[in-house]
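Each chain, written out:
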Amino acid sequence: MKRIIIFISGRGSNMEAILKECKNGILRGIAEVVLVFSDKEEAKGLEKAKEFDNKTASISAKGKKRQIFDREVINLLSDYEFDYIVLAGYMRILSDVFIKEYTGKIINIHPADTNFHQGLHAYEWAFKNKLKETKITVHYVNEGVDTGKIIAQATVDLRGAHTLEEVEKRGLAVEHRFYSEVLKEIIRNRD
Ligand code: GAR
């Protein structure tokens, strides 16, 4: 059983999907979530995680230099044994200090093809450019913003999606299924 720490900054719908898959779905007996961490004390997803009886922690990043904050997080994580850090809507760029500490262990989901779009507002980008399809990318995290090695991608059909809300709805539906599928594959391939 692999031990996962999920990082969130907000709503946590991807986190929720993973928690469900660990409890009763395709990750059952394969992965367990040992901690949900947030850089935002008020993140909605933390409440959700507690409802699911998960351990949560947060450290506010407000006003802190990137490396200082990341060292605090590393210090917090040193109390846990874990195999992977799974970023699920974690909206902070990780410093080189953090990446070096956990090389090869940090995984992210990005709601676009990272070859063509990095950073924030990926669904807006797809919508504004009237893309017929977009891609969800699961990738390893390196020092860049969404530049790490791509693990897997899934296509989202955007034909007939006339509002940003519809684009997001279709994308998130794919994200929620796809992230756990890919995590399962990663764990299987490493064992
Ligand atoms: C998701 O769409 C996720 O892919 C995206 O933020 C959203 C978080 O939603 N992440 C990024 O844009 C990272 N660059 P959630 O909190 O409901 O999972």
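For the structure, check the block above.
Reference entry: report on the structure contained in this document. (Residues numbered from 1 in each chain as written. Predicted model: local features only at pLDDT ≥ 70, side-chain atom pairs only at ≥ 80, totals over all residues. Heavy atoms only, no water.)

A few words now on the overall build of the chain. A count of helices and strands for the chain gives 6 helices and 7 strands. Secondary structure elements in the chain, listed N-terminal to C-terminal, are β-α-β-α-β-α-β-α-β-α-β-β-α. Over its C-alpha trace the chain gives a radius of gyration of 16 Å, about what one expects of a compact globule, namely 16 Å for 191 residues. For the chain, the spread of C-alpha atoms along the principal axes amounts to about 50 × 40 × 30 Å. Looking at the chain as a whole, 48% of its 191 residues qualify as buried. In the chain, 64% of the contacts between residues at least 6 apart in sequence involve partners at least 24 apart. (Helix = DSSP H or I, 4+ residues; strand = E, 2+ residues; numbered from the N terminus. Rg over C-alpha atoms; globule rule 2.2 N^0.38 Å. Buried < 20%, exposed > 50% of the residue type's maximum accessible area, 1.4 Å probe, protein only. Contact = heavy atoms within 4.5 Å.)

We now examine the environment of Ile99. Its location among the elements puts Ile99 in helix 4 (residues 96-101). Ile99 sits in the buried class, given a relative accessible area of 4%.

One finds Ile6, Ile18 and Tyr179 to be the most contacted residues of the largest nonpolar core, which totals 37 residues. With residues up to four places along the chain from it excluded, the contact list for Tyr179 reads Asn14, Ile18, Val86, Leu87, Ala88, Ile107, Asn108, Ile109 and Val138. (Core = buried A, V, L, I, M, F, W, Y, C linked by side-chain atoms within 4.5 Å.)

Taken together, 14 residues sit near the ligand, with Arg11, Gly12, Ser13, Asn14 and Glu175 positioned nearest. Contact distances for the ligand include 2.6 Å between an oxygen atom and a side-chain N or O atom of Arg11. Residue Ser13 places a side-chain N or O atom 2.5 Å away from an oxygen atom belonging to the ligand. When residues of the shell around the ligand are traced back to their parent elements, those giving at least two are helix 1 (13-24), strand 5 (106-110) and helix 6 (164-190). Partitioned by chemical class, the residues of the shell around the ligand number 5 nonpolar, 6 polar and 3 charged. (Near = heavy atom within 4 Å. Polar contact = N/O pair within 3.5 Å; in protein donor to acceptor, adjacent residues only side chain to side chain. Nonpolar A, V, L, I, M, F, W, Y, C, P; charged D, E, K, R; others polar.)

You can see Lys128 is positioned in helix 5 (residues 122-128). Relative accessible area serves as the criterion here: at 65%, Lys128 is assigned to the exposed category. When the C-alpha atoms of Lys128 and Thr163 are compared, they prove to be 9.8 Å apart, with 35 residues separating the residues in sequence.

Within this structure, the stated rule accounts for 11 salt bridges. The salt bridge partner of Glu133 is Lys135, with a shortest N-O separation of 3.6 Å. Of the charged contacts, one joins Arg177 and Glu181 as a salt bridge, the two residues approaching to 3.6 Å between their closest N and O atoms. You can see Arg177 and its partner Glu181 sitting in helix 6, 4 residues apart, about one turn around the helix. Overall, Arg177 belongs to the partly exposed group, its relative accessible area being 44%. (Salt bridge = Lys/Arg side-chain N within 4 Å of Asp/Glu carboxyl O.)

The next point concerns the pairing of strand 6 (residues 133-140). Of all 8 residues making up strand 6, 6 are buried, and the element is well covered by its neighbours. Pairing of strand 5 with strand 6, which is carried by 4 bridges, proceeds in the antiparallel orientation. When the bridges of strand 6 are listed, Ile109 appears paired with Val138. The pairing of strand 6 with strand 7 (residues 150-157) spans 7 bridges and is antiparallel. Bridging from a neighbouring strand, Lys135 pairs with Thr155 of strand 7. (Pairing = 2+ DSSP bridges.)

A separate point is the packing of aromatic side chains. Scanning the model with the defined rule gives 6 aromatic pairs in all. On the numbers, 4.9 Å between centres and 70 degrees between planes, the contact of Phe7 with Tyr90 is edge-to-face. A residue pair is termed long-range when its members are at least 10 positions apart, and Phe7 in strand 1 (residues 2-8) and Tyr90 in the loop between strand 4 (84-87) and helix 4 qualify at 83 residues. Pair check on accessibility: Phe7 and Tyr90 agree, each one buried. One cation-aromatic arrangement involves Lys105 over Phe82; the distance from NZ or CZ to the ring centre is 5.3 Å. (Phe/Tyr/Trp six-rings, centres within 6.5 Å; stacked < 30°, edge-to-face > 60°. Lys NZ or Arg CZ within 6 Å of the ring centre and 35° of its normal.)

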